Amino acid sequence: MAQHATVALKRTGAKMPLVGFGLWKVTKSTCAETVYNAIKSGYRLLDGAGDYGNEKEAGEGLRRAIADGIVKREDVWVTSKLWNTFHAREHVHAVAKKQLGLWGIDYFDLFLVHFPIALEYVDPSHRYPPEWWGDDGKVHLAKVPFQETWGAMEELVDQGLVKNIGVSNTQGSLLLDILRYARYEPAVNQVELHPYLTQESLVKLCKTLGIAITAYSSLGPQSYVELGADKGAKNLLEHDLIQSIATKHSKSNAQVLLRWAVQQGLAVIPKSNNHDRLVQNLDVDQFTLSEEELKSISALNVNLRLNDPADIDPRMGIFA
Ligand code: A2P
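Residues numbered from 1 in each chain as written. Predicted model: local features only at pLDDT ≥ 70, side-chain atom pairs only at ≥ 80, totals over all residues. Heavy atoms only, no water.

1. A closer look at the overall build of the protein chain
Stated formally: Strands are runs of DSSP state E lasting at least 2 residues, helices are runs of H or I lasting at least 4, and numbering of each runs from the N terminus. Our radius of gyration is a C-alpha quantity, and the globule rule it is checked against amounts to 2.2 Å times the number of residues to the power 0.38. We call a residue buried when its accessible area falls under 20% of the maximum for its residue type, exposed when it is over 50%, and partly exposed in between, using a 1.4 Å probe and counting protein chains only. Any two residues whose heavy atoms approach within 4.5 Å are treated as being in contact. Shrake-Rupley sampling with a 1.4 Å probe provides the accessible areas, and residues are treated as covered by the protein chains on show and by no other component. Charge counting treats Lys and Arg as positive and Asp and Glu as negative, with His and both chain ends excluded. The atoms used to mark charge sites are NZ of Lys, CZ of Arg, CG of Asp and CD of Glu.
Assigned secondary structure in the protein chain consists of eleven helices and ten strands. Taken over the C-alpha trace, the protein chain has a radius of gyration of 19 Å; the compact-globule value for 320 residues is 20 Å, and the two agree within 12%. Projecting the C-alpha coordinates of the protein chain onto the three principal axes gives extents of approximately 55 × 50 × 40 Å. Expressed as a percentage of the 320 residues in the protein chain, the buried residues total 53%. Residue pairs at least 24 apart in sequence account for 74% of intrachain contacts in the protein chain once pairs closer than 6 positions are excluded. If you sum the accessible surface of the protein chain, you get close to 14,100 Å²; carbon and sulfur atoms cover 50% of it. The averaged location of the 38 negative side-chain charges in the protein chain is 3 Å from the averaged location of its 34 positive side-chain charges.

2. Points about the nonpolar core
Threshold: Here, nonpolar core means buried Ala, Val, Leu, Ile, Met, Phe, Trp, Tyr and Cys residues that are tied together by side-chain atoms lying within 4.5 Å of each other.
Ranked by size, the top nonpolar core spans 97 residues in total, and within it Met16, Leu23, Leu46, Trp103, Trp150 and Met153 carry the most contacts. Beyond its immediate chain neighbours, meaning those up to four positions away, Met153 contacts Leu82, Val92, Phe111, Leu112, Val113, Ile165 and Gly166.

3. As for the UniProt feature "site: Lowers pKa of active site Tyr" (unreviewed entry) in the protein chain
Formally: UniProt positions are given in the numbering used here, feature names are shortened, and annotations may be inferred rather than shown by experiment. Polar contact is defined as a pair of N or O atoms within 3.5 Å, subject to the rule that within protein one atom must be able to donate a hydrogen and the other to accept it, and that residues adjacent in sequence are counted only when both atoms are side-chain atoms.
Per the UniProt record, the feature "site: Lowers pKa of active site Tyr" (unreviewed entry) sits at Lys81. Looking at the secondary structure, you find Lys81 in strand β5 (residues 77–82). If we ignore the near neighbours within four places in the chain, the residues touching Lys81 are Asp47, Gly48, Ala49, Gly50, Tyr52, Gln99, Phe111, Leu112, His114 and Gln190. Here Gly48 takes part through its backbone oxygen, which lies 3.0 Å from a polar atom of the side chain of Lys81.

4. Thoughts on the site of the ligand
Heads up, the rule is: Proximity is defined per residue: if any heavy atom of the residue lies within 4 Å of a molecule or strand, that residue is considered near it.
Taken together, 16 residues surround the ligand, and among them Ser223, Glu226, Ser272, Asn273 and Arg277 come closest. Contact between the ligand and Ser223: an oxygen atom at 2.2 Å from a side-chain N or O atom of the residue. Between the ligand and the protein, one listed contact pairs an oxygen atom with a side-chain N or O atom of Lys271 at 2.8 Å. Elements supplying a minimum of two residues to the shell around the ligand: α7 (222–226) and α10 (275–282).

5. Digging into the pairing of strand β6 (residues 108–113)
Inclusion rule: By this definition, two strands are paired if DSSP reports at least two bridges between them. Classification remark: right-handed applies to a crossover when, strands pointing away from the viewer, the course from the first strand over the helix to the second runs clockwise.
Of all six residues in β6, six are buried; the element is thus mostly enclosed. Looking at chain direction, β5 and β6 are connected through four bridges and run parallel. Residue pairing for β6: Leu82 is matched across the bridge by Val113. What joins β5 to β6 is helix α3 (residues 89–103), and the crossover it makes is right-handed. By the bridge criterion, five bridges tie β6 to strand β7 (residues 162–168) in an arrangement that is parallel. Bridging from a neighbouring strand, Leu112 pairs with Gly166 of β7. Running through helix α4 (residues 146–158), the crossover from β6 to the neighbouring parallel element β7 is right-handed.

6. So, the pattern of salt bridges
Condition: When a carboxyl oxygen of Asp or Glu lies within 4 Å of a side-chain nitrogen of Lys or Arg, that pair is called a salt bridge.
Applying the stated rule across the entire model yields eleven salt bridges. The shortest N-O distance in the salt bridge between Lys10 and Glu185 comes to 2.5 Å. Here Lys10, found in the loop between β1 (6–8) and β2 (15–17), pairs with Glu185, found in the loop between α5 (172–181) and β8 (188–192); they are 175 residues apart in sequence, far enough to count as distant. Arg64 is paired through a salt bridge with Glu33; the nearest N and O atoms lie 3.1 Å apart. Of this pair, Arg64 sits in helix α2 (residues 55–67) while Glu33 sits in helix α1 (residues 28–40); the two residues are 31 residues apart in sequence, bridging distant segments of the chain.

7. A short note on the sheet that holds strand β3 (residues 21–22)
With respect to topology, eight strands assemble into an open sheet ordered β3-β4-β5-β6-β7-β8-β9-β10, the strand pairing being parallel. Single-partner strands in this sheet number two, and they are β3 and β10 (267–268). Note that β3 and strand β4 (residues 45–47) share two bridges and pair parallel. If you follow Gly22 over to β4, its bridge partner there is Asp47.

8. Focus: the side chain of Arg44
Its location among the elements puts Arg44 in the loop between α1 and β4. For Arg44, which is buried and forms no salt bridge, the nearest opposite charge comes from Asp75, at a distance of 5.8 Å. Within polar-contact distance, the side chain of Arg44 engages the backbone oxygen of Ile39 at 2.9 Å.

Shown next as structure tokens:
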């Protein structure tokens, strides 16, 4: 099996694969099979989250791949995320244990705070995953300072439940604040990043601080078009510039978009429910984009944030 590129994380030096398989929107009924096939096809990173609602099935696929001797547990990097309703110190440990139980493994390689937004606790036995809205259809914030959540994340490391910790959807000012109190600094920041949202200042800051970046939604609005919330952006997979570069390299448009990120040292986590696309998305090590091509793709930036929590309408009762 070909060795794929990795990035070494701060503190532990652990090598995180630059191309992983993302589990957001991976269909629950076929998830175990998809994950098994992803591992069989060479993926060595699975990017899950409590919120995705398919951790049990992803774990089944992983454990089958281990049972069949395709990989050992330590060969596969498993990332998961703490959902917004569990930010209070007393909930972090319990929900991490629950998530490990769903996966059927005893540690996560990386555990991220999914959003720096604390929501009111929802008992997982009542509703799991809890998502954004309460039973009344409103968003209820919880008064949990981020420092408390980060301290509880650090305790997961001390307890051996997670090897590395990080954040997601986190902008520069909060990153700098975390550094003031962190015993273990964030190793990774997973953010929306694609040619329409290049996040140059955040990337620069993270590089300076030694925080690795994982880009999500690398294929641009595609996922959001599927969800009916495309914000009117032209599909990057059909963009003329991407198409012309892809033709030049005899690659697909998706491969060019993924390569653009990976070549800048950014990790990516494309998902596909389609086997051929899944295989294709892992194969981005075998070609190099020129500096000019990288720059021309970056010039597509229009600061279009497709997944913006600030879009939550305050009239939905956010401060209720
Ligand atoms: P599908 O699962 O049918 O392949 P994201 O990872 O940003 O959520 O984006 C994934 C979206 O892009 C999904 O709609 C997925 O659909 C689609 N997709 C994934 N890989 C490719 C590819 N190589 N070519 C075209 N579309 C892709």
